[in-house]
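# Coordinate inspection notes
Residues per chain are reported as follows:
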Amino acid sequence: MKPFFSGILLLLLFVLLPAIHTQAAQPIQLTIDGVPIISDVAPEIKKGRTMVPLRVISESLVANVAWSNKEVTLAKQDLNVKLTLNSKAVMQNKVQQQLEAAPYLKNNRTMVPLRFIAETFGCQVTYEKRTVAVNCNPLRINGMETKAFQAESLMTMGTVIREFHGNELLKALYEVIEQNKGKHVQAPAERDGQRVTIRPDIFSILLQYDFMDVEGKSVKHYEIYVKASGSPNQDGSNAYSDILLYDANNDVWYEFNEDAIDKIWALQNNVSELGLSQLIHYGSA
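Now for a look at the structure at hand. (Residues numbered from 1 in each chain as written. Predicted model: local features only at pLDDT ≥ 70, side-chain atom pairs only at ≥ 80, totals over all residues. Heavy atoms only, no water.)

All right, on to unusual backbone geometry then. One non-glycine residue, lysine 129, adopts positive backbone phi at about 50°. Mapped onto the fold, lysine 129 is located in the loop between strand 12 (124–128) and strand 13 (131–135). Unusually for a residue other than glycine, arginine 130 sits at a positive phi of about 55°. Relative to the assigned elements, arginine 130 resides in the loop between strand 12 and strand 13. (Helix = DSSP H or I, 4+ residues; strand = E, 2+ residues; numbered from the N terminus.)

The next thing to look at is the state of the cysteines. Going through the model one piece at a time under the given rule, you end up with one disulfide. Paired by a disulfide, cysteine 123 and cysteine 136 hold their sulfur atoms 2.0 Å apart. Negative torsions about the S-S bond denote left-handed disulfides, and the value of about 85° found for cysteine 123 with cysteine 136 makes this one right-handed. Within this pair, whereas cysteine 123 is found in the loop between helix 3 (114–121) and strand 12, its partner cysteine 136 is found in the loop between strand 13 and strand 14 (140–141), the two being separated by 13 residues in sequence. Cysteine 136 shares its class with cysteine 123; the two are buried. (Disulfide = S-S within 2.5 Å. Buried < 20%, exposed > 50% of the residue type's maximum accessible area, 1.4 Å probe, protein only.)

This paragraph deals with the side chain of lysine 220. Locating lysine 220 in the fold gives a position in strand 20 (residues 218–228). You can call lysine 220 buried: its relative accessible area is 4%. If we skip the residues at most four places from it in the chain, lysine 220 touches Ile141, Tyr174, Tyr209, Asp210, Phe211, Asp247, Asn249 and Asn250. (Contact = heavy atoms within 4.5 Å.)

Following the sequence through the fold, tyrosine 246 ends up in strand 21 (residues 240–247). Residues tyrosine 246 and valine 185, spaced 61 residues apart in sequence, show a C-alpha to C-alpha distance of 9.8 Å. Here tyrosine 246 is in contact with His221, Tyr222, Glu223, Tyr225, Asp251, Val252 and Trp253, once residues within four sequence places are set aside. Separated by 2.8 Å, the side chains of tyrosine 246 and aspartate 251 make a polar contact. (Polar contact = N/O pair within 3.5 Å; in protein donor to acceptor, adjacent residues only side chain to side chain.)

Our focus in this paragraph is the pairing of strand 12. Pairing between strand 12 and strand 13: five bridges, direction antiparallel. Pairing of tyrosine 127 across the sheet is with valine 132, part of strand 13. (Pairing = 2+ DSSP bridges.)

Our focus in this paragraph is the pairing of strand 5 (residues 64–68). Pairing of strand 5 with strand 6 (residues 71–76) involves five bridges; the strand directions are antiparallel. The residue bridging alanine 66 from the neighbouring strand is threonine 73, located in strand 6. Linking strand 5 to strand 6, which pair antiparallel, is a turn of two residues; within it asparagine 69 sits at a positive phi near 55°.

Attention now goes to helix 3. Among the residues of helix 3, those classed as buried are Leu114, Phe116, Ile117, Thr120 and Phe121. Take helix 3 and look down its axis: the buried residues cluster within an arc of 155°, on one side only. Glycine 122, located one to two residues past helix 3, shows a positive phi value of around 70°. (Arc of directions from axis to C-beta.)

Note on placement: glutamine 92 falls in strand 8 (residues 89–92). The class for glutamine 92 is buried, based on a relative accessible area of 16%. Beyond its immediate stretch of four places on either side in the chain, glutamine 92 contacts Leu79, Asn80, Val81, Gln97 and Thr120.

See the structure below:
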């Protein structure tokens, strides 16, 4: 080979090899409805199949995962799935099915075939350009597609606004609010719409919830008002004698309950470390 061509070949190798090495070393990214998910174990290709971490995806899709010996149980509403490590057999709502590849442990995380996620949750899944994408149908309110959920806490020390993403999460949040509406009530005569107080004679605003469309505009707005009981809980937190939900779009007031608020908090907390939430504002209003 002539020296000139040998030099060109060596130059190409020096240019291309670092790029090839970087691409090979780059971990596969995981996204839920377009949002990058934080996971301590990345998806991987094993024997030609795309394998993904079960827990982080399941929790992003608002499902519960439990572990007992070598059996993994996945539960969400009327869905109940049981998998066994290193076995292709899976029980879904007491019906046995077969996986295309057996689940296994990687760094103490259960890895399952990507297709299993699609068939179990009814979401679309793709693997392109080193990105595993899981996309579920969006929540629609009055025919309008929602993209995010904003929760604003109006506390005495200031206002905290967090934004949450993930279509299954938005559906679950909306369902909790709608299913826990109590009976219609009249608007309270005495209320403070600025910030929660501890006065037992007045309703004050505690929380505001907004379901946002793809352009960042609110398509559904709720407000939660509380009346202090006059004595704190055993842990020192405020106790409320009455809780009301205000549906601002329809200008209607409902009785509400503390269990529903706790469920909303739990849904938010469960995804706080997955990348589906972000702090929008903290401080004075």
